[in-house]
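Descriptive structure summary
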Amino acid sequence: MAGLEIVLLSSLEKVMRYETPKSGGFSGFSMLNNEKKSFQLFISAPFDEAEFYINSDLDCVFPYKVEYLPSRLPLKGDTADDYVLLSDDGCYPELLSPAEKKVTLKNGRALMWFEINPQRELTAGKHTVSVTVSCGGESKNAEVCVSVIACPLDRQKLIYTNWFHTDCLIDYYGVSAFSCEYWRIVENFLKTAVCHGMNCVLTPIFTPPLDTAIGGERTTVQLIGVKKLKHGYEFDFSNLKKWIELSLKCGVEYFELSHLFTQWGARHTPKIIADVHGKSKKIFGWKTWVFSKKYKEFLTALAASLKPFFKELGIEEKIFVHVSDEPNKKQIKTYAYASRLVRSLFGEYKIIDALSDYGFYKKGLITQPIVSNNRIEPFIGKVPELWTYYCTGQDNNYVSNRFFAMPSQRNRVFGYQLYKYNVKGFLHWGYNFYNTRLSKRKIDPYKVTDAGKQFQSGDSFIVYPASDGTALCSLRLKVLFDGFQDLAALQTLERLTDRETALRVLEQGLDNELTFSQYPHSDKWQLETRERINAEIAKRI
């Protein structure tokens, strides 16, 4: 092996564990004065350790070591398209571990990630971030030119929820629900989510009936206390109030109530625990059929108490209600009944569900469908507010997703697509799902990244649980947030000009229009398009 070598890279390049990248001429970028920006540095040397030093007039540069994690299921080979990255050893660049001055070289190499994360608006003009690496008596230096534009990025308008699984935090850390330690960990994970664009949180008024085997149970995280009386019910909202206050403190704006019926068709009810004659007892669950009169009476009583509670807190316009997740045509009878019931009780709130069959919307069974990005075309122009999602099934036709084995550009281009189609909301089901599929067992997310070889690695979570109860970021989380910033930059340009101008700048030079499945498969195009957007903003301030 030669001596010390360093290669400066953009944030989009994924370097596999035994790969040596070649310099692509990356030297810097422009940025608005309040956004985050990242770059990478590859280090190669015949030693076990290197030191690095950051020198910059910007005091907000944070270093991370990129750690490689395993995948037994990077892709589902029978469906995936060819815009993917496959690793020979099954490991992918994934976890961002905070670094301080020294970095361990594994097999003589390391990949570093540097993020500019302003705590205030940066001074406009040219800045330099210089990184010096020293190893074995040799030093080399890389400089990144940062051009700060005297304009802030517009506030995020996209409503974004990434389902927050508190039961997985309880299980991983071994804490009790609603203990002081529980609330501390929840706050930590919420803060990380909000810092990366999440402004709507799945709120477990009852234990969410999501990804659970029929007859199985997930750890109870029910926020609403229920007491069964001789005639009716009594509700305790103290934990729900604490959840809402904590979420608002962290920067959450919207609250997405957990589903009122089970996933995939609304055939049963969530697990609901109540105080019955002084004893804790499950009063609803898998044994409760959707058409249950007792459950209808329960929901009626709940609505009568819950709606005034939300009004008192002043958040009634920030509430979303779910019926059931991802129903299909075979389940239309049960979903239709459940939907009518929920609308009759909670009709003043926006009712949202992930479903991609246009027939459900056409029949009026859902007011706000959330449509998968590979089946969204029939809904474009027909739904007043377009929402979208992706998950394990969106691995073909080149649609955007966040799997380990997808290029970062395929993750980030989503922001341009959201702008093009004026999408108002985005949902993903896995912020921190640390279980196998159907929650049959718990997993160590550092070792099992594919839900027990059931979901492509990267589908079920995007952060990692640190030993101190904080959330460690993935490389994919940072790249996805860059996409949200691209969306906000286009909205900033639109505010300064008009939507037609912003769209023209976005699609300039393309042979075909930008769609959810059609876009240049190119880091260069992705970065140059953002530079072009920034240049147009700079002209108009």
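Before any of the text, the structure's been laid out above.
From a predicted model like this one, the values you see are computed outputs, not experimental measurements. (Residues numbered from 1 in each chain as written. Predicted model: local features only at pLDDT ≥ 70, side-chain atom pairs only at ≥ 80, totals over all residues. Heavy atoms only, no water.)

Section: the pairing of strand β15 (residues 254-257)
Here β15 shows no split at all, with Y254 and E256 on one side and F255 and L257 on the other all buried. Sheet analysis places strand β12 (residues 200-203) next to β15, joined by four bridges and oriented parallel. Of the residues in β15, the one forming a bridge with C200 is Y254. Two elements, β15 and strand β18 (residues 319-321), share two bridges in a ladder whose sense is parallel. Residue F255 lies in a different strand from β18, and its bridge partner there is I319. (Buried < 20%, exposed > 50% of the residue type's maximum accessible area, 1.4 Å probe, protein only. Helix = DSSP H or I, 4+ residues; strand = E, 2+ residues; numbered from the N terminus. Pairing = 2+ DSSP bridges.)

Structural notes on the layout of surface pockets
Size it by volume and the largest pocket reaches roughly 550 Å³. In terms of lining, the largest pocket is formed by 23 residues, of which the most central are N34, Q156, V194, C195 and F481. Put simply, the parts of the chain that give the lining of the largest pocket at least two residues each are α2 (180-195) and α9 (475-496). For the lining of the largest pocket, the element with the highest residue contribution is α9, accounting for four residues. The residue inventory of the lining of the largest pocket, partitioned by class, reads eight nonpolar, eight polar and seven charged. (1 Å grid on protein atoms, 1.4 Å probe; cavity = no way out; pocket = protein on both sides within 12 Å on 5 of 7 lines; lining within 4 Å. Points joined across faces, edges and corners; volume = space filled by probe spheres on them. Nonpolar A, V, L, I, M, F, W, Y, C, P; charged D, E, K, R; others polar.)

Some words on empty space enclosed by the protein
Tallied over the full model, the rule gives two cavities of 30 Å³ or more. Looking at the largest cavity, it is lined by 14 residues, and the ones nearest its centre are P209, T212, G216, K271 and W286. The class makeup of the residues in the lining of the largest cavity is four nonpolar, six polar and four charged. Put simply, the second largest cavity is a space of about 30 Å³. Of all the secondary-structure elements, those providing two or more residues to the lining of the second largest cavity are β3 (37-44), β8 (109-116) and α9. No other element matches the three residues that α9 contributes to the lining of the second largest cavity. Broken down by class, the residue content of the lining of the second largest cavity amounts to two nonpolar, one polar and five charged.

Observations concerning the sheet that holds strand β17 (residues 279-284)
Spatial ordering of the open sheet is given by β14-β13-β16-β17, a layout of four strands whose pairing is mixed. One side of each edge strand has no neighbouring strand; the edge strands of this open sheet are β14 (232-236) and β17. In this sheet, adjacent strand axes meet at a mean angle of 40° when their direction is disregarded. Across the sheet, helix α4 (residues 293-313) touches β13 (225-229), β14, β16 (272-276) and β17, and the angle it forms with β14 is around 45°. (Axes fitted to C-alpha atoms, helices over the stretch in contact; angles between N-to-C directions. Contact = heavy atoms within 4.5 Å.)

Some remarks on the packing of aromatic side chains
A complete count under the given rule lists 46 aromatic pairs for this structure. Taking 5.5 Å as the distance between ring centres and 65° as the angle between the ring planes, the aromatic pair formed by Y434 and F461 counts as edge-to-face. Taken as a pair, Y434 in the loop between β22 (425-428) and β23 (463-465) and F461 in the loop between β22 and β23 lie far apart in primary sequence, 27 residues in all. For Y434, a relative accessible area of 2% corresponds to the buried category. Among the residues examined, F461 registers a relative accessible area of 2% and is labelled buried. Across from the ring centre of F481, 5.0 Å away, lies the NZ or CZ of K36, which sits over that ring. (Phe/Tyr/Trp six-rings, centres within 6.5 Å; stacked < 30°, edge-to-face > 60°. Lys NZ or Arg CZ within 6 Å of the ring centre and 35° of its normal.)

A short note on the state of the cysteines
In this structure the tally under the stated criterion is zero disulfides. Free cysteine C391: the closest other cysteine sulfur is in C168, separated by 16 Å. We classify C391 as buried; its relative accessible area is 11%. (Disulfide = S-S within 2.5 Å.)

Things to note about the environment of F309
With respect to the helices and strands, F309 occurs in helix α4. Between the C-alpha atoms of F309 and K241, which are 68 residues apart in sequence, the distance is 8.9 Å. Excluding residues within four positions of it along the chain, F309 makes contact with F237, L240, K241 and I244.

Digging into the nonpolar core
In this structure, F261 and F298 are the most contacted members of the largest nonpolar core, which totals 146 residues. In terms of residues, this core owes the most to one element, α9, which gives nine residues. In contact with F261, other than residues within four places in its own chain, are P209, A266, H268, P270, V290, Y295, L299, V323, S324, A338, L341 and V342. (Core = buried A, V, L, I, M, F, W, Y, C linked by side-chain atoms within 4.5 Å.)

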